[in-house]
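One-letter residues, chain by chain:
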Amino acid sequence: MASLEENIGYKFTNSLLLAEALTHPSLAYETQKPHFDNQRLEFLGDAVLQLILTDRIFNQYQGHDEGEMTKLRSSMVSKEALHKFSKKIDLGEFVMMGKGEKANGGQNRASTLADGLEALLGAIYLDSGFAEAAAFIDRLIENSLEEAESNPSDKNPKGRLQEILQAIIPQSPSYEVMSESGPDHDKIFIVRILWSNAELASGQGPSKKTAEANAAEKALHLKLWKNIASPLPE
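Just so you know, these numbers come straight off a predicted model, no measurement behind them.

A.B. asks: Help me understand the overall build of the protein, please; the structure alone is not making it clear to me.
C.D. replies: Looking only at helices and strands, one finds 12 helices and 3 strands in the protein. For 234 residues, the compact-globule estimate of 2.2 N^0.38 gives 17 Å, and the protein exceeds it by more than 25% at 24 Å. In terms of overall dimensions, the protein has a C-alpha envelope of 70 × 40 × 30 Å along the principal axes. Scored against the burial criterion, the 234 residues of the protein give a buried share of 42%. Of all intrachain contacts in the protein linking residues separated by at least 6 positions in sequence, the fraction that spans at least 24 positions is 57%. A total accessible area of about 13000 Å² is found for the protein, and carbon and sulfur atoms account for 52% of it.

As structure tokens, then:
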């Protein structure tokens, strides 16, 4: 336990909280102690993590709207992200689990380590409060927020744009082909996006689909919907 405390930069006052955070439900089943596992702490830690990241994103990215902030937070609390963070502190080496679970690779399973990290955070919160829990997360994620913001995992700009716009009014953007030129083997399509009687952006590409995606990417960058004071239905 001392090695893990060194890895996370935090020493527990109540070591039983740490033991509980590291106890996988499979071990509780084998030892016939069903009420001693990390699931309750995982539930708490998930809520604490959401609040910490919400606070950090809200204050650090003041130019972002609600949709952008939600997307950024979601990328930071995904199972994949939490698994990556858990590996930074070698959490898998310390999670206590049943023999069967361990034999099946449980110590390296992404979901197990993500849940364990949330439980560990919940334990720190109970042991010392919000400030220490937030300090632990700040150390753990380091520059990950900036990386997630500059390299978004969302590869569907049309879906992202529709999500943002429909959060304003329940109206989807429309894509209009403005021109199509060139021979069949080398076509160029130019598409514009219309929403609430306004043009948000245009884009071009070798296919209609690519031109629409490029237009959506440009619209996400320009954010012209913010200039529409009172969106009206078409």
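A.B. asks: How do you make sense of the packing of aromatic side chains when you look at a structure like this?
C.D. replies: The geometry of two aromatic rings is summed up by the distance between their centres and the angle between their planes. Counted by the stated rule, this structure contains 1 aromatic pair. Arranged with centres 5.1 Å apart and planes meeting at 85 degrees, the rings of Tyr10 and Phe12 form a pair that is edge-to-face. Judged by its relative accessible area of 8%, Tyr10 falls in the buried class. Here the guanidinium or amino end of Lys158 rests over the ring plane of Tyr175, the centre of that ring lying 4.6 Å away.

A.B. asks: Can you help me understand helix α8 (residues 110–128) in this one?
C.D. replies: The terminal C-alpha atoms of α8, which comprises 19 residues, lie 27 Å apart, in line with the 27 Å expected from a rise of 1.5 Å per residue. In terms of burial, α8 is a largely internal element, 14 of the 19 residues being buried.

A.B. asks: For this particular structure, what's the right way to read helix α11 (residues 157–168)?
C.D. replies: What sets the pattern is the α-helix's 3.6 residues per turn: residues three or four places apart point alike. Helix length check: α11 (12 residues) gives 17 Å between terminal C-alpha atoms against 16 Å at 1.5 Å per residue, within 8%. Inspection of α11 places Pro157, Arg160, Leu161, Ile164 and Leu165 among the buried residues, and these make up the whole buried set. Along α11, the residues classed as buried sweep out an arc of 125 degrees about the axis, all on the same side. Looking at the packing, one finds that the buried side of α11 touches α5 (66–76), β1 (174–181), β2 (188–195), β3 (198–205) and α12 (208–222).

A.B. asks: Help me understand empty space enclosed by the protein, please; the structure alone is not making it clear to me.
C.D. replies: Regions of empty space are outlined by a rolling probe, equal in size to a water molecule, passed over the atoms. Throughout the structure, instances matching the rule amount to 1 cavity of 30 Å³ or more. Here the largest cavity is characterised by a volume of approximately 40 Å³. Forming the boundary of the largest cavity are Leu49, Leu53, Met76, Leu82, Phe85, Leu117, Ile137, Leu140 and Ile141. Listing elements by their share of the lining of the largest cavity, those giving two or more residues are α4 (39–60), α6 (79–88) and α9 (130–141). If one sorts the elements of the lining of the largest cavity by residue count, α9 sits on top with 3 residues. A class-by-class count of the residues in the lining of the largest cavity yields 9 nonpolar, no polar and no charged.

A.B. asks: Looking at this model, I keep getting lost on the side chain of Asp65. Mind explaining?
C.D. replies: Among the structural elements, Asp65 can be located in the loop between α4 and α5. For the buried Asp65, no salt bridge exists, and the shortest N-O distance to an oppositely charged side chain is 4.6 Å, to Arg160. Excluding its chain neighbours within four sequence positions, the residues that come into contact with Asp65 are Ile164, Trp225 and Lys226.

A.B. asks: Is there a simple way to think about the sheet that holds β1 in this case?
C.D. replies: Sheet strands pair via backbone hydrogen bonds, and the direction of the pair is either parallel or antiparallel. Spatially, 3 strands are ordered β1-β2-β3 in an open sheet, and the strand pairing comes out antiparallel. Two strands in the sheet have a free side with no partner beyond their single neighbour: β1 and β3. Going from strand to strand, the sheet's axes swing by 20 degrees on average, the running direction of each strand aside. Its contacts with the sheet put α11 on β1, β2 and β3, and the angle it makes with β2 is roughly 15 degrees. Packed on one face of the sheet, α12 meets β1, β2 and β3 and runs near 135 degrees to β3.

A.B. asks: Sorry if this is basic, but what is going on with the packing of α8 against α9 here?
C.D. replies: Between two packed helices, both the angle of their axes relative to each other and the distance between the axes serve to describe the pair. Their axes nearest at 7 Å, the elements α8 and α9 cross at an angle of 145 degrees. Contact residues: α8 offers Leu117, Leu120, Leu121, Ile124, Tyr125 and Ser128, while α9 offers Phe130, Glu132, Ala133, Phe136, Ile137 and Leu140. Among the residues forming the contact of α8 with α9, the class breakdown is 10 nonpolar, 1 polar and 1 charged.

A.B. asks: What exactly am I supposed to notice about the nonpolar core here?
C.D. replies: A general trend in soluble globular proteins is that nonpolar side chains are found buried together. Counting 43 residues, the largest nonpolar core has Ile8, Phe12, Leu120 and Phe136 as its most contacted members. Looking at this core, the elements with two or more residues in it are α1 (2–8), α2 (15–21), α4, α5, α6, α8, α9 and α10 (144–150). In terms of residues, this core owes the most to one element, α8, which gives 8 residues.

Criteria and thresholds
- Residues numbered from 1 in each chain as written.
- Predicted model: local features only at pLDDT ≥ 70, side-chain atom pairs only at ≥ 80, totals over all residues.
- Heavy atoms only, no water.
- Helix = DSSP H or I, 4+ residues; strand = E, 2+ residues; numbered from the N terminus.
- Rg over C-alpha atoms; globule rule 2.2 N^0.38 Å.
- Buried < 20%, exposed > 50% of the residue type's maximum accessible area, 1.4 Å probe, protein only.
- Contact = heavy atoms within 4.5 Å.
- Areas by Shrake-Rupley, 256 points an atom, 1.4 Å probe, with all protein chains shown as cover.
- Phe/Tyr/Trp six-rings, centres within 6.5 Å; stacked < 30°, edge-to-face > 60°.
- Lys NZ or Arg CZ within 6 Å of the ring centre and 35° of its normal.
- Expected span 1.5 Å × (residues − 1).
- Arc of directions from axis to C-beta.
- 1 Å grid on protein atoms, 1.4 Å probe; cavity = no way out; pocket = protein on both sides within 12 Å on 5 of 7 lines; lining within 4 Å.
- Points joined across faces, edges and corners; volume = space filled by probe spheres on them.
- Nonpolar A, V, L, I, M, F, W, Y, C, P; charged D, E, K, R; others polar.
- Lys, Arg positive; Asp, Glu negative; His and termini not counted.
- Salt bridge = Lys/Arg side-chain N within 4 Å of Asp/Glu carboxyl O.
- Pairing = 2+ DSSP bridges.
- Axes fitted to C-alpha atoms, helices over the stretch in contact; angles between N-to-C directions.
- Core = buried A, V, L, I, M, F, W, Y, C linked by side-chain atoms within 4.5 Å.

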